Amino acid sequence: MKVHEIYIKRCLQIAKNGLGTTQPNPMVGAVIVFNDQIIGEGYTSAYGGPHAEVNAIDSVTDQALLSKSTLYVTLEPCSHYGKTPPCSDLIIRHKIPKVVIGCVDDNPEVAGKGIVKLRASGCEVLLGVLENECKKHHKRFFTYHNNKRPYIILKWAQTTDGYIAPLIKDTKEPVWITNQYSRQLVHKWRAQEQAILVGTNTVVEDNPTLTVRDWFGKNPVRIILDQKSSIGLEYKCLNKEADTLVISGNETTSNKTDENQNGWTIYPPKDNGLNATFINIDWNKKHQVALQVCDVLYRSQINSVIIEGGAKTLQAFIDENLWDEARIFSGRQLFGEGIKAPKFNGFKTSETKILDDSLKIYIND
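Values in this document were obtained by computation on a predicted structure and should not be read as measured data.

## Topic: the pattern of salt bridges
One pass over the full model with this rule turns up 13 salt bridges. Measuring nitrogen to oxygen at the nearest pair gives 3.0 Å for the salt bridge that ties lysine 117 to aspartate 89. Of this pair, lysine 117 sits in helix H4 (residues 113-120) while aspartate 89 is found in helix H3 (residues 87-93), placing the two residues 28 residues apart along the sequence. Residue class for lysine 117 comes out partly exposed when judged on its relative accessible area of 28%. According to the relative accessible area criterion, aspartate 89 is partly exposed, its value standing at 25%.

## Section: a nonpolar patch on the surface
A contiguous nonpolar patch, built from Leu167, Ile168 and Ile339 and spanning about 330 Å² of accessible area, is present on the exposed surface. Position of isoleucine 168 relative to the elements: it lies in the loop between strand E7 (163-165) and helix H7 (180-192).

## Remarks on the state of the cysteines
Within this structure, the stated rule accounts for 0 disulfides. The structure places no disulfide on cysteine 11, whose sulfur is separated from the nearest cysteine sulfur, that of cysteine 134, by 7.7 Å. Between cysteine 87, a free cysteine, and cysteine 78, which holds the nearest cysteine sulfur, the sulfur-to-sulfur gap is 3.8 Å. The class for cysteine 87 is buried, based on a relative accessible area of 1%.

## As for helix H9 (residues 289-299)
Within the span of H9, buried status applies to Val289, Ala290, Gln292, Val293, Cys294, Val296 and Leu297. Positive backbone phi, approximately 60°, marks glutamine 301, located one or two places after H9.

## Looking at the nonpolar core
In globular proteins that are soluble, nonpolar side chains generally tend to be buried together. If you look at the biggest cluster of nonpolar residues, it comprises 35 residues, and the most contacted ones within it are Ile8, Ile32, Ile57, Leu71, Tyr72, Ile91 and Val99. Those elements giving two or more residues to this core turn out to be helix H1 (3-15), strand E1 (29-34), helix H2 (52-58), strand E3 (70-75), H3, strand E4 (98-103), H4 and helix H6 (139-147). In terms of residue count, H1 provides more of this core than any other element does, 5 residues in total. Filtering out sequence-adjacent residues up to four positions away, valine 99 remains in contact with Leu71, Val73, Ile91, Leu118, Cys123, Glu124, Val125 and Leu126.

## Some remarks on the packing of aromatic side chains
Under the definition given, this model contains 7 aromatic pairs. Among the aromatic residues, those joined into a cluster by ring pairs are Trp156, Trp323, Phe344 and Tyr362. A cation sits over an aromatic face here: arginine 327 above tryptophan 189, 4.6 Å from the ring centre. Across the ring face of tyrosine 163, the terminal group of lysine 340 is positioned such that the distance to the ring centre comes to 4.7 Å.

## Looking at unusual backbone geometry
That bond from glutamine 23 to proline 24 is cis: its omega, 10°, falls within 30 degrees of zero. The residue proline 24 is located in the loop between H1 and E1 in this model. Residue glycine 309 is joined to glycine 310 through a cis peptide bond whose omega torsion reads 0°. Looking at the element boundaries, glycine 310 is found in the loop between strand E14 (304-309) and helix H10 (311-319).

## Here we look at the environment of alanine 242
You can see alanine 242 is positioned in the loop between strand E9 (221-226) and strand E10 (244-248). Under the relative-accessibility criterion, alanine 242 is labelled buried at 7%.

## Remarks on H1
Under the 1.5 Å per step criterion, the end-to-end length of H1 is 19 Å for 13 residues, consistent within 8% with the ideal 18 Å. The set of residues buried in H1 consists of Tyr7, Ile8, Cys11, Leu12, Ile14 and Ala15. Packed against the buried residues of H1 are E1, strand E2 (37-43), E3, E4 and helix H5 (131-137).

## Some details on the sheet that holds E1
Across the sheet, 5 strands lie side by side as E2-E1-E3-E4-E5; this open sheet has mixed pairing. Among the strands making up the open sheet, the edge pair consists of E2 and strand E5 (124-127). Each strand of the sheet is rotated relative to its neighbour by a mean of 20°, with strand direction disregarded. Pairing geometry for E1 and E3, over 4 bridges, is antiparallel. Along E3, the bridge assignment pairs valine 33 with threonine 70.

## Re the confidence of the model for the protein
The pLDDT averaged across the protein works out to 89; a share of 90% of its residues lies at or above 70. This model gives residues 251-272 a pLDDT under 50, and the stretch forms 37 contacts once residues within four places in sequence are excluded.

Criteria and thresholds
Residues numbered from 1 in each chain as written. Predicted model: local features only at pLDDT ≥ 70, side-chain atom pairs only at ≥ 80, totals over all residues. Heavy atoms only, no water. Salt bridge = Lys/Arg side-chain N within 4 Å of Asp/Glu carboxyl O. Helix = DSSP H or I, 4+ residues; strand = E, 2+ residues; numbered from the N terminus. Buried < 20%, exposed > 50% of the residue type's maximum accessible area, 1.4 Å probe, protein only. Patch = residues over 30% accessible without salt bridge, like charges linked within 9 Å, V, L, I, M, F, W, Y side chains within 5 Å. Areas by Shrake-Rupley, 256 points an atom, 1.4 Å probe, with all protein chains shown as cover. Disulfide = S-S within 2.5 Å. Core = buried A, V, L, I, M, F, W, Y, C linked by side-chain atoms within 4.5 Å. Contact = heavy atoms within 4.5 Å. Phe/Tyr/Trp six-rings, centres within 6.5 Å; stacked < 30°, edge-to-face > 60°. Lys NZ or Arg CZ within 6 Å of the ring centre and 35° of its normal. Expected span 1.5 Å × (residues − 1). Pairing = 2+ DSSP bridges. Axes fitted to C-alpha atoms, helices over the stretch in contact; angles between N-to-C directions. pLDDT = per-residue confidence, 0-100.

The following block contains the structure:
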């Protein structure tokens, strides 16, 4: 393996420490090397904090060595002011002579400008080391900027005979198809993504909290598709445990409405202490509902979402070809009849056993 690839692999390895905390920023990894020895490492802090390059530079004990070192980074250093100053300016200020970059940043505010700035300062820049691996690592970030929508993960559990729910339930609690370890894994996934999305039927039938309870991490933003504004304050998804965005399809609230800059009608909740925002879209069948939802999420700076149900909601995104990954659990239960699992076409990348459960992961090819 080439030397540059070894250090970019290390960058990718430590970058994963930022999964679930950096969004909407990318989870970048950076390594600083002097005389074939790593003298500094860093990954992107939680959103609003220092970027990977800053943390890597700050970790170097002898700052005098920076002017003789090489900086490795998974993504092009930024060149604009956001929550923090440009990383490219910091690199130039410390006179780091060489920067090796995995892939170029597609964010229009960067998009090669960081590279131009570095080269103009006399810094040697090497591009495209493990480029495909770096692009795959930054899939959420690139999908958001290139496709103008979040990275979409479909998730459901189905019985051996292909059902995701029974026809009739006599309880508001979920009917579990998978074991507790599979369910814990789902909570880990929730902590890794920026948002979770369900439809009205899932809320009404299961009354889920949609939070991270069986794993340590930040609760995702809850996205509720509620076409007829039928979800009341008694449902758990409107409690204070996480921010919630309710996307509705008709104007049934008595609250005063305001037209925001994105053209959606927003209904601010009354003084009920909720962390909820209400948005209307056009739910007419001739319009693409899933695409409109993606536009809402994009403009809300949400760059990844897990869609957990129900069947109609999942199928809507599949039918509009708005998905990137599907994670499907199969349990040993048999319903005999019920609500059928969604139909889709995808390329299976892996299959894993979790005790008696099976987890298959597909990508939209």
